[in-house]
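# Tertiary structure, described
So the chains spell out like this:
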Amino acid sequence: MPATYVHFYDAFDREVLAAAWMQAEMLRRAQAGAAHAEGIAPRRTGRYADSIGADVYVRRLPGVDGKSGRAVGRVTATDPAAFQIEPGTKDTPAHRTLGRALDVMREA
């Protein structure tokens, strides 16, 4: 007996992409990424490792109604030195701490 799937575009973002369970899953992945980033963050840079955190938000997608969106997990570093630590400078190597956390988030 074959199954039939009917996709309801109007409810997909609300029921799947931005649903509470999806936000919880994205936050879980972001927290795993933040924990990894804190573990590999350079320590001689001050408070960089302590400034790493995770959060989740619903990114609104451009559309007709302006209400469509999807849950996004995010790992950030609020230390002002992060803009030099992450990509590096001519005097310091790039650490890519937050960039490497993406691999953990993908596999979490």
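Scroll up to find the structure.
Reference entry: report on the structure contained in this document. (Residues numbered from 1 in each chain as written. Predicted model: local features only at pLDDT ≥ 70, side-chain atom pairs only at ≥ 80, totals over all residues. Heavy atoms only, no water.)

Our next topic: the nonpolar core. In this structure, Ala37, Ala41, Tyr48, Ile52, Val75, Ala77 and Leu98 are the most contacted members of the largest nonpolar core, which totals 14 residues. Elements supplying a minimum of two residues to this core: helix H2 (20–40), strand S2 (69–77), helix H3 (82–85) and helix H4 (97–107). Leaving out residues up to four positions away in the same chain, Ala41 has contacts with Tyr48, Ala49, Ile52 and Thr97. (Core = buried A, V, L, I, M, F, W, Y, C linked by side-chain atoms within 4.5 Å. Buried < 20%, exposed > 50% of the residue type's maximum accessible area, 1.4 Å probe, protein only. Helix = DSSP H or I, 4+ residues; strand = E, 2+ residues; numbered from the N terminus. Contact = heavy atoms within 4.5 Å.)

Here the focus is H4. Turning to H4, its buried residues are Thr97, Leu98, Gly99, Ala101 and Met105. Tucked into the core, H4 has its buried residues touching H2, strand S1 (52–60) and S2.

Residues apart from glycine generally show negative phi values, whereas peptide bonds are mostly found in trans. Phi at Arg96 is positive, roughly 50 degrees, even though this residue is not glycine. For Arg96, a relative accessible area of 46% translates into the label partly exposed.

On to the environment of Trp21. Here Trp21 lies in helix H2. With 50 residues separating them in the primary sequence, Trp21 and Ala71 have C-alpha atoms 9.7 Å apart. Setting aside residues up to four positions removed in sequence, Trp21 forms contacts with Glu15 and Val16. A polar contact is formed between the side chain of Trp21 and the backbone oxygen of Glu15, at a distance of 3.4 Å. (Polar contact = N/O pair within 3.5 Å; in protein donor to acceptor, adjacent residues only side chain to side chain.)

A few words now on the pattern of salt bridges. Under the counting rule described, the total for this entry stands at 5 salt bridges. Ionic pairing is found between Arg14 and Glu15, a salt bridge with its closest N-O pair at 3.7 Å. Residue classification places Arg14 among the exposed residues on the basis of a relative accessible area of 52%. A residue is classified by how much of its surface remains accessible, and Glu15, at 49% relative accessible area, is partly exposed. Salt-bridge contacts for Arg28 lead to Glu25; the nearest nitrogen and oxygen are separated by 2.7 Å. Taken as a pair, Arg28 and Glu25 lie in helix H2 at a separation of 3 residues, close to a single helical turn. Each member of the salt-bridge network shares a partner with another, and the members are Glu25, Arg28 and Arg29. (Salt bridge = Lys/Arg side-chain N within 4 Å of Asp/Glu carboxyl O.)

Our focus in this paragraph is the environment of Thr45. Following the sequence through the fold, Thr45 ends up in the loop between H2 and S1. By relative accessible area, Thr45 is classed as partly exposed at 25%. Separated by 40 residues in sequence, Thr45 and Ile85 place their C-alpha atoms 8.0 Å apart.

As far as function goes, none of this settles anything; it's purely spatial.
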